[in-house]
Amino acid sequence: MRFPSDDELMAGPNALGDARIEVPPGAADPEAEARAQIGGDSGLGDAEDPDAGNADDGLSDLEDEADADLGAFEALASVASLRQDAAAAIGVPDYPEDFRAGFVSIVGRPNVGKSTLTNALVGQKVAITSGRPETTRHNIRGIVHGDGYQLVLVDTPGYHRPRTLLGKRLNDMVREALAEVDAVLFCLPADQRIGPGDQFIARELRGVKRPVIAVATKCDAVGRERVMKHLLAIERLGEWSAIVPVSSVEGKGIDHLRDVLAQTVPASPPLYPEGDVTDESRDTLIAEFIREAALEGVRDELPHSLAVQVEEIIERERREGDTRPPLVDVHVNVYVERDSQKAIIIGRRGARLKEIGTEARRHIEELLGKRVYLDLHVRTAKDWQSDPKMLGRLGF
């Protein structure tokens, strides 16, 4: 398979246009308050120190060609080398001869339900979700353990016409990503008509010499008749190993999709130890939880300019006689590209930043199994998406 180069994407028409179905007008604007929140300091600890005493389904016309600011598939580790020594590496002395395991890449346009589907298949939250495009920037791996099989799901960003150095680096990852996967899930949401972005990805997937399963996501958002029309449209779009309708929110079709994937991946020893649900690092997960909380209710341009980096995690010494779980200080930098964006994140008198910290801290405490004092600082890094040094510091 060959994906177009960045030069070809820049020279050609925008084949990745969105085919989103608009939400009917009249709904309240959840971003209005965030737009009004300005002022405040650049740093704010999360709430109070615990040691100080606080232990659519409606359908409307298609939009005109929208700017599909898609990301790209991150490169996978060599499946062949990983599979070769998997049993010895994870200490599995024996496994059934008919055991199956493999990597499954989940692809599609932004906001088509890839991360929500990943979480549903795994059975718990391993990937952040939001209603904003470009939520996923890393290849988030979720591991599904079943009776006689193991699936390693790779939740990917999308493929796009790059406008920044970050976009180009993400596109570099896509060209290496699909060569060694064992199967591909192509997500097409039922509440959106198939458009140029879907058609572009479908054309490129024809070159993938692996089974491609089309998944009709968000089937709970529309009526049965609309789902049937969507499935027929998917069938006309290409040749698929299977077409599976699902509702990740309601859990419908998820078990069937697991069964289809279990029969699709090859015979192989397990690739990860029993009980693992992701191979993401602790710091990456913490940063993603904070970015997820920060993405809610912000302006359209802000999500692309938002980055989070964990500086350090320090466990405090226990006080004598304290039987509560340990307390850790988590120091985090939240980067934006302009001072006006900084004011939006902080909010009036720090109110917005405090909300972000409170929401993220809940997930971080569950992850660490400890009490957390979250120290957030918002910093401006001008045009960081095009700064090689800053991109390297942030792991891109």
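Everything in this summary refers to the structure shown in the same document.

Reading the values: the criteria
- Residue indices begin from 1 for each chain and proceed along its sequence in written order.
- For this predicted model, a pLDDT threshold of at least 70 governs which residues receive local features, and a threshold of 80 or more governs which side-chain atom pairs are given and counted, while totals over whole chains, interfaces and linings are taken from all residues.
- Remark: hydrogens and water are excluded; side-chain values derive from all non-hydrogen atoms of the structure.
- Numbering of helices and strands runs from the N terminus, with a helix taken as a DSSP run of H or I at least four residues long and a strand as a DSSP run of E at least two residues long.
- Burial classes follow relative accessibility: with a 1.4 Å probe on protein chains only, a residue under 20% of its type's maximum area counts as buried, one over 50% as exposed, and anything between as partly exposed.
- Residue-level accessible areas treat just the shown protein chains as cover; the underlying method is Shrake-Rupley with a 1.4 Å probe.
- Any two of the Phe, Tyr and Trp rings considered here, Trp counted by its six-membered ring, make a pair once their centres fall within 6.5 Å; the pair's planes then place it as stacked at under 30 degrees, edge-to-face at over 60, or tilted in between.
- As a reminder, the over-ring test applies to NZ of lysine and CZ of arginine, requiring each to be within 6 Å of the ring centre and within 35 degrees of the ring normal.
- In this text, buried Ala, Val, Leu, Ile, Met, Phe, Trp, Tyr and Cys residues form a nonpolar core when linked through side-chain atoms within 4.5 Å.
- Any two residues having at least one pair of non-hydrogen atoms within 4.5 Å are treated as being in contact.
- Only the stretch in contact is used when fitting a helix axis, every axis being a line fitted to C-alpha atoms; angles between N-to-C directions are given from 0 to 180 degrees.
- To sort the angles, those under 35 degrees are grouped as roughly parallel, those over 145 as roughly antiparallel, those from 65 to 115 as roughly perpendicular, and the leftovers as oblique.
- For this classification, the nonpolar set comprises Ala, Val, Leu, Ile, Met, Phe, Trp, Tyr, Cys and Pro, the charged set comprises Asp, Glu, Lys and Arg, and every other residue, Gly included, is treated as polar.
- Pairing of N or O atoms within 3.5 Å defines a polar contact, subject to two protein rules: one partner must be a possible hydrogen donor and the other a possible acceptor, and residues neighboring in sequence count only if both atoms are side-chain atoms.
- Just to be clear on terms, a salt bridge is a Lys or Arg side-chain nitrogen sitting within 4 Å of an Asp or Glu carboxyl oxygen.
- For two strands to be treated as a pair, DSSP must find at least two bridges joining them.
- Look down the strands so they point away from you; if going from the first strand over the helix to the second traces a clockwise path, that crossover is right-handed.

**Description of the overall build of the protein**
Then, number 1: When helices and strands are tallied, the protein shows 14 helices and 10 strands.
Then, number 2: A burial count over the protein gives 52% of its 396 residues as buried.
Then, number 3: Of the roughly 18,300 Å² of accessible surface on the protein, a fraction of 47% belongs to carbon and sulfur atoms.

**What to know about unusual backbone geometry**
Then, number 1: Its identity is not glycine, yet lysine 218 carries a phi of approximately 60°, on the positive side.
Then, number 2: The topology assignment puts lysine 218 in the loop between strand E6 (212-217) and helix H8 (224-237).
Then, number 3: Owing to a relative accessible area of 26%, lysine 218 belongs among the partly exposed residues under this scheme.
Then, number 4: One non-glycine residue with positive phi stands out, namely arginine 349, at about 55°.
Then, number 5: Among the structural elements, arginine 349 can be located in the loop between helix H12 (339-346) and helix H13 (351-368).

**Quick notes on the packing of aromatic side chains**
Then, number 1: Following the criterion strictly, the structure yields one aromatic pair and no others.
Then, number 2: Ring centres of phenylalanine 186 and tryptophan 240 lie 5.7 Å apart, and the angle between their planes is 55°; this geometry places the pair in the tilted category. Here the residue phenylalanine 186 occupies a position in strand E5 (residues 183-189), and tryptophan 240 occupies one in the loop between H8 and strand E7 (242-245), the gap between them amounting to 54 residues. Across the pair, exposure class does not vary: phenylalanine 186 and tryptophan 240 are buried alike.
Then, number 3: Sitting above the plane of the tyrosine 373 ring, arginine 316 keeps its charged end 5.6 Å from the centroid.

**Digging into the nonpolar core**
Then, number 1: Core analysis: the biggest nonpolar cluster contains 26 residues, and Ile290, Val332, Ile345, Ile364 and Leu374 have the highest contact counts within it.
Then, number 2: The leading source of residues in this core is helix H10 (residues 282-295), at eight residues.
Then, number 3: When neighbours within four sequence positions are excluded, isoleucine 290 is seen to be in contact with Val308, Val332, Val334, Ile356, Ala360, Ile364, Leu374 and Leu376.
Then, number 4: Ranked by size, the runner-up nonpolar core spans 25 residues in total, among them Val112, Leu151, Val215 and Leu261.

**Let's talk about the packing of helix H5 (residues 114-122) against helix H9 (residues 254-264)**
Then, number 1: At their nearest, the axes of H5 and H9 sit 10 Å apart, and the two run at 80° to each other. Our classification of the angle between H5 and H9 gives roughly perpendicular. Residue-level contacts link Leu117, Ala120 and Leu121 of H5 to Ile254, Leu257 and Arg258 of H9.
Then, number 2: In terms of residue class, the contact of H5 with H9 is built from five nonpolar, no polar and one charged.

**A closer look at helix H7 (residues 196-205)**
Then, number 1: Most of H7 is tucked away: seven of the 10 residues are buried.
Then, number 2: Here H7 has its buried residues at Gly197, Asp198, Phe200, Ile201, Ala202, Glu204 and Leu205.

**What to know about the side chain of serine 247**
Then, number 1: One can find serine 247 in the loop between E7 and H9.
Then, number 2: Since its relative accessible area comes to 2%, serine 247 is described here as buried.
Then, number 3: Among the polar contacts made by the side chain of serine 247, one reaches the main-chain amide nitrogen of glutamate 250 at a distance of 3.2 Å.
Then, number 4: Those residues in contact with serine 247, other than ones at most four positions away along the chain, are Cys219, Asp220, Lys252 and Ile254.

**Topic: the pattern of salt bridges**
Then, number 1: Applying the stated rule across the entire model yields 15 salt bridges.
Then, number 2: In this structure, the salt-bridge partner of lysine 229 is glutamate 225, at a minimum N-O distance of 3.6 Å. Remark: glutamate 225 and lysine 229 occur in helix H8; sequence separation between them is four residues, near one turn of the helix.
Then, number 3: Taking relative accessible area as the criterion, glutamate 225 reaches 57% and is therefore assigned exposed.
Then, number 4: With a closest N to O distance of 2.5 Å, arginine 258 and aspartate 255 form a salt bridge. In this pair, arginine 258 and aspartate 255 are both assigned in helix H9, three residues apart and thus about one turn of the helix distant.

**Side note on the pairing of E5**
Along any regular strand the residues' side chains alternate between the sheet's two faces.
Then, number 1: Here E5 lies mainly inside the structure; seven of its seven residues are buried.
Then, number 2: Of the two faces of E5, the one carrying Ala183, Leu185, Cys187 and Pro189 and the one carrying Val184, Phe186 and Leu188 are both buried.
Then, number 3: Judged from the four bridges that link them, strand E2 (residues 100-107) and E5 form a sheet pairing that is parallel. Each residue of the ladder has a partner; that of serine 105, found in E5, is valine 184.
Then, number 4: A crossover links E5 with its parallel partner E6, the connecting element being H7, and its sense is right-handed.

**Focus on the environment of arginine 316**
Then, number 1: Mapped onto the secondary structure, arginine 316 falls in the loop between strand E8 (307-315) and strand E9 (327-336).
Then, number 2: The exposure class assigned to arginine 316 is partly exposed, which follows from its relative accessible area of 22%.
Then, number 3: For the pair formed by arginine 316 and aspartate 329, sequence separation is 13 residues and the distance between their alpha carbons is 7.3 Å.
Then, number 4: One polar contact links arginine 316 to aspartate 329, side chain to side chain, over a distance of 2.8 Å.

**Details of the packing of H12 against H13**
Then, number 1: At a closest axis distance of 5 Å, the pairing of H12 and H13 adopts a crossing angle of 60°. Contacts from Ile344, Ile345 and Ile346 in H12 reach Ala351, Arg352, Leu353 and Ile356 in H13.

**Observations concerning the pairing of E7**
Then, number 1: In the sheet, E6 pairs with E7 via four bridges, with the strands oriented parallel. If you follow alanine 214 over to E7, its bridge partner there is isoleucine 243.
Then, number 2: What joins E6 to E7 is H8, and the crossover it makes is right-handed.

**Overview of the environment of glycine 146**
Then, number 1: Topologically, glycine 146 is positioned in strand E3 (residues 140-146).
Then, number 2: Of the residues examined, glycine 146 reaches a relative accessible area of 26% and is grouped as partly exposed.
Then, number 3: Sequence separation of glycine 146 and glutamate 274 is 128 residues, and the distance between their C-alpha atoms is 9.9 Å.

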